[in-house]
Amino acid sequence: MHDMSAHAVQHGAPTSFIRKHIFSLDHKVIGKQYYALALLAALVGMFLSWLMRIHLGFGSYAIPGLHLLSKTGAPGDVMTPEYYLQLMTMHGTIMVFFVLTTAPFAAFGNFFLPIQTGAEDMPFPHFNMMSFWVTFVGFLVLVASFLVPDGPTLGGWTQYAPLSAIGSVGGPGQGLGVILWASSIAIFCIGQLLGSLNFITTTLDMRCKGMSLMRLPLSAWGWFITSVMGLTAFAVLMPACILLILDHVAGTSFFVASNLVINDQVLPHSGGSTLLWQHLFWFFGHPEVYIAIVPGMGIVSHILITNMRKPMLSHRVLIYSMGALAALSYMVYGHHMFVSGMNPVSSLAFSFPTLVITIPSTIIVLMWLGSLYGSKLRINSASLFSLGFVSMFISGGVSGFFLAQPSIDIMLHATYFVVGHFHLVMGVAAMFGIFAGTYFWFPKMTGRMMNETLGKVHFVMSFIGAYCIFMPFHYLGIAGNVRRYQAFTDDYLIPLIPVHKFITYSALFTGLAQLIFLYNLIHSRFKGELAPNDNPWEGTSLEWSTATPPPHNNFGDTMPVVYHDPYQYSVEGASTDFVMQTSPEKINSPHEEK
């Protein structure tokens, strides 16, 4: 019987408002703080996307009040080309770092990983508190770039050199805006490294008696695998950002080559490499795709099993496949650089593992579809968004086959095709995983139920809207529509303007759906129906065996003992439809993990 000897640092229940709700050491409060930060960041990112889409759909349309955001970027409320690029940069950065990384991994992981492992708390609660507040400071530093005279950087969320490294001569926001961007991301990396250390230690050393690794829920495995990726990926991006800052303030030339001429000026740099930034960034950047999506895979698998009332076809194969995605993600980053003049042999070396990484993804999808086949799925908001996750992951992933081929990627790389691909497979899929987790775990986190009718309306509108936005992106890319263009004046682009108007209407429609979710979330938190019991979904994992909401030390006076794996549903001969992990009832199940 498994029994870990490590224990969390003991800290009593908080007695002051500040220690309980602000500088809390409780992993559950920290998880809620991360969720609130991700929600705020998502609203900011969605607002910026609305501004961009209105500009793309209606050209020189004056957006009322836009000059209040930037007088130089929107004179007369009309967006300038440079300001469009600045908004695009901030939208991408906020969504990738402060939403897609923060919510599924840091928010849900902080709240539920210790509970699902049977621990009282994280092993390093002060590190855990620091991880949130450091991340929050990173967000404030990023948003502060709106307040500097030239505004935010316009170099895109990837900040390619040499544009990002040459200073204000490169355009609005390329001086102080880049420094704030790089400082923000470096600070964010510190927060994520602190969090990853806690997640890894919790999973390996804090499991309760009887909780072997293979008895962990798939959601816990998703968070653990993601934390391992984060420990490596963010440790590369952070020094890259520091080097970029040094190119601005210390006269170094890490990313700027010799004799570079900008605006008829020879820049005082020598000996740098513009491709060095791309190597450092994408060594982080492609694992970041899986840092955003693997937690969603675990969450969605956990929710689908609960609503199917039967385990997946193979618990172990799903775990091994998620682990394979994590390992292979470091071997494929070069496919982002096919257009950089890469040697054809190197292109093939990165193309092959890019095709190989589709194998574990395909296995996971087949596991989901094969398990769903013949099941009597309970239809609720959480299960619908889980199905939506599967759909978005498949639809976005299929276009990845095209981009794995260097000859095809070179033609499509700078077009809307790539934008549609990564928004579906990384952005929308991850967001659907966040929504699924919210509807599923909301009663455990708050003691109240969310409105199911509003949840289903939210799903239908979001599902239809997401496809109406991002599927046409692929068609635009095939038609040659270059991404990051802020106006479509070329003869071959003018016929595509109606498509952009359709996408703009779809984006506004989809944004309206998120306001419905926001209302449902806030109203349910304070006035929602009380959860009928501690286990409203009749789940089997440890979070459903404790009180709702969980007490300070998660399990009260008695620590749990685990007798079964987390997914014992419809077991023949069992006294109920499900057998909890903590139930000593002996069962005869062919799927039992030891």
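This section reports on the structure supplied with the text. Keep in mind that this is a model prediction, so the values were computed, not measured.

Taking 1.5 Å of rise per residue, 13 residues should cover 18 Å, and helix 9 (residues 344-356) covers 18 Å from first to last C-alpha, within 8% of that figure. The complete set of buried residues in helix 9 reads S347, F350, S351, P353 and T354. Where helix 9 begins, one side-chain oxygen reaches toward the backbone nitrogen of V345, 2.7 Å away; that side chain belongs to N343.

Within the element layout of this structure, G173 appears in the loop between helix 4 (125-144) and helix 5 (176-205). In this structure the C-alpha to C-alpha distance between G173 and L154, which are 19 residues apart in sequence, comes to 6.3 Å.

Turning our eyes to something else, we now look at the pattern of salt bridges. Taken as a whole and assessed by the stated rule, the structure comprises four salt bridges. Connected through shared salt-bridge partners, R309, R378, E538 and D577 make up one network.

Take a nonpolar patch on the surface next. The grouping of L366, L369, I394, V398, F401, F402 and I408 at the surface amounts to a nonpolar patch, some 590 Å² of accessible area in total. Elements that contribute at least two residues to the nonpolar patch include exactly helix 10 (358-372) and helix 11 (381-403). Here the element with the most residues in the nonpolar patch is helix 11; it accounts for four residues. Along the chain, V398 turns up in helix 11.

The next thing to look at is the side chain of T504. For T504, the location among the structural elements is in helix 15 (residues 497-527). With relative accessibility at 1%, the residue T504 sits in the buried group. In contact with T504, not counting residues within four places along its chain, are R53, I54, G57 and F58.

Take the packing of aromatic side chains next. For the coordinates displayed, the defined rule picks out 49 aromatic pairs. Arranged with centres 5.8 Å apart and planes meeting at 80°, the rings of W368 and F389 form a pair that is edge-to-face. Of the two residues, W368 is situated in helix 10 and F389 in helix 11; the sequence distance between them amounts to 21 residues. F389 shares its class with W368; the two are buried.

Roughly 820 Å³ of volume is contained in the second largest pocket. Together, 25 residues line the second largest pocket, and K32, Q33, M445, T446 and R525 are the ones closest to its centre. The element contributing the most residues to the lining of the second largest pocket is helix 2 (residues 27-58), with seven residues. Here the residues of the lining of the second largest pocket sort into 14 nonpolar, six polar and five charged.

With that out of the way, let us pick up the side chain of H91. Looking at the element boundaries, H91 is found in helix 3 (residues 81-117). What makes H91 buried here is its relative accessible area of 16%. In this structure H91 touches G45, L48, S49, M52 and H423, once residues within four positions along its chain are discounted.

Okay, unusual backbone geometry next. A cis amide bond links A161 to the next residue, P162, at an omega of 5°. Secondary-structure assignment places P162 in the loop between helix 4 and helix 5. Backbone torsion omega between T548 and P549 reads -15°, so that peptide bond is classified as cis. Note that P549 resides in the loop between helix 15 and strand 3 (568-569). One non-glycine residue, N259, lies in the positive phi region at around 60°.

Take the nonpolar core next. A general trend in soluble globular proteins is that nonpolar side chains are found buried together. Ranked by size, the top nonpolar core spans 169 residues in total, and within it M297 and W368 carry the most contacts. In terms of residue count, helix 3 provides more of this core than any other element does, 21 residues in total. Apart from the residues within four sequence positions on either side, M297 is in contact with M322, L325, I364, W368, F389 and F393.

Moving on: helix 14 (residues 452-478). Its 27 residues give helix 14 an end-to-end C-alpha distance of 39 Å, which sits within 8% of 39 Å, the value for a rise of 1.5 Å per residue. Two or three places before T453, at the opening of helix 14, N451 has a side-chain oxygen 3.0 Å from that residue's backbone nitrogen. G480 sits one or two positions beyond helix 14 and adopts a positive phi of about 95°.

Relative to the helices and strands, V266 resides in strand 2 (residues 265-266). You can call V266 exposed: its relative accessible area is 58%. With residues up to four places along the chain from it excluded, the contact list for V266 reads N259, L260 and V261.

Below, the discussion takes up the state of the cysteines. Scanning the entire structure with this criterion turns up zero disulfides. Looking at C241, it has no disulfide partner, and the nearest cysteine sulfur is the one in C189, 5.7 Å off.

Thresholds, definitions, all that
- Residues numbered from 1 in each chain as written.
- Predicted model: local features only at pLDDT ≥ 70, side-chain atom pairs only at ≥ 80, totals over all residues.
- Heavy atoms only, no water.
- Helix = DSSP H or I, 4+ residues; strand = E, 2+ residues; numbered from the N terminus.
- Expected span 1.5 Å × (residues − 1).
- Buried < 20%, exposed > 50% of the residue type's maximum accessible area, 1.4 Å probe, protein only.
- Polar contact = N/O pair within 3.5 Å; in protein donor to acceptor, adjacent residues only side chain to side chain.
- Salt bridge = Lys/Arg side-chain N within 4 Å of Asp/Glu carboxyl O.
- Patch = residues over 30% accessible without salt bridge, like charges linked within 9 Å, V, L, I, M, F, W, Y side chains within 5 Å.
- Areas by Shrake-Rupley, 256 points an atom, 1.4 Å probe, with all protein chains shown as cover.
- Contact = heavy atoms within 4.5 Å.
- Phe/Tyr/Trp six-rings, centres within 6.5 Å; stacked < 30°, edge-to-face > 60°.
- 1 Å grid on protein atoms, 1.4 Å probe; cavity = no way out; pocket = protein on both sides within 12 Å on 5 of 7 lines; lining within 4 Å.
- Points joined across faces, edges and corners; volume = space filled by probe spheres on them.
- Nonpolar A, V, L, I, M, F, W, Y, C, P; charged D, E, K, R; others polar.
- Core = buried A, V, L, I, M, F, W, Y, C linked by side-chain atoms within 4.5 Å.
- Disulfide = S-S within 2.5 Å.

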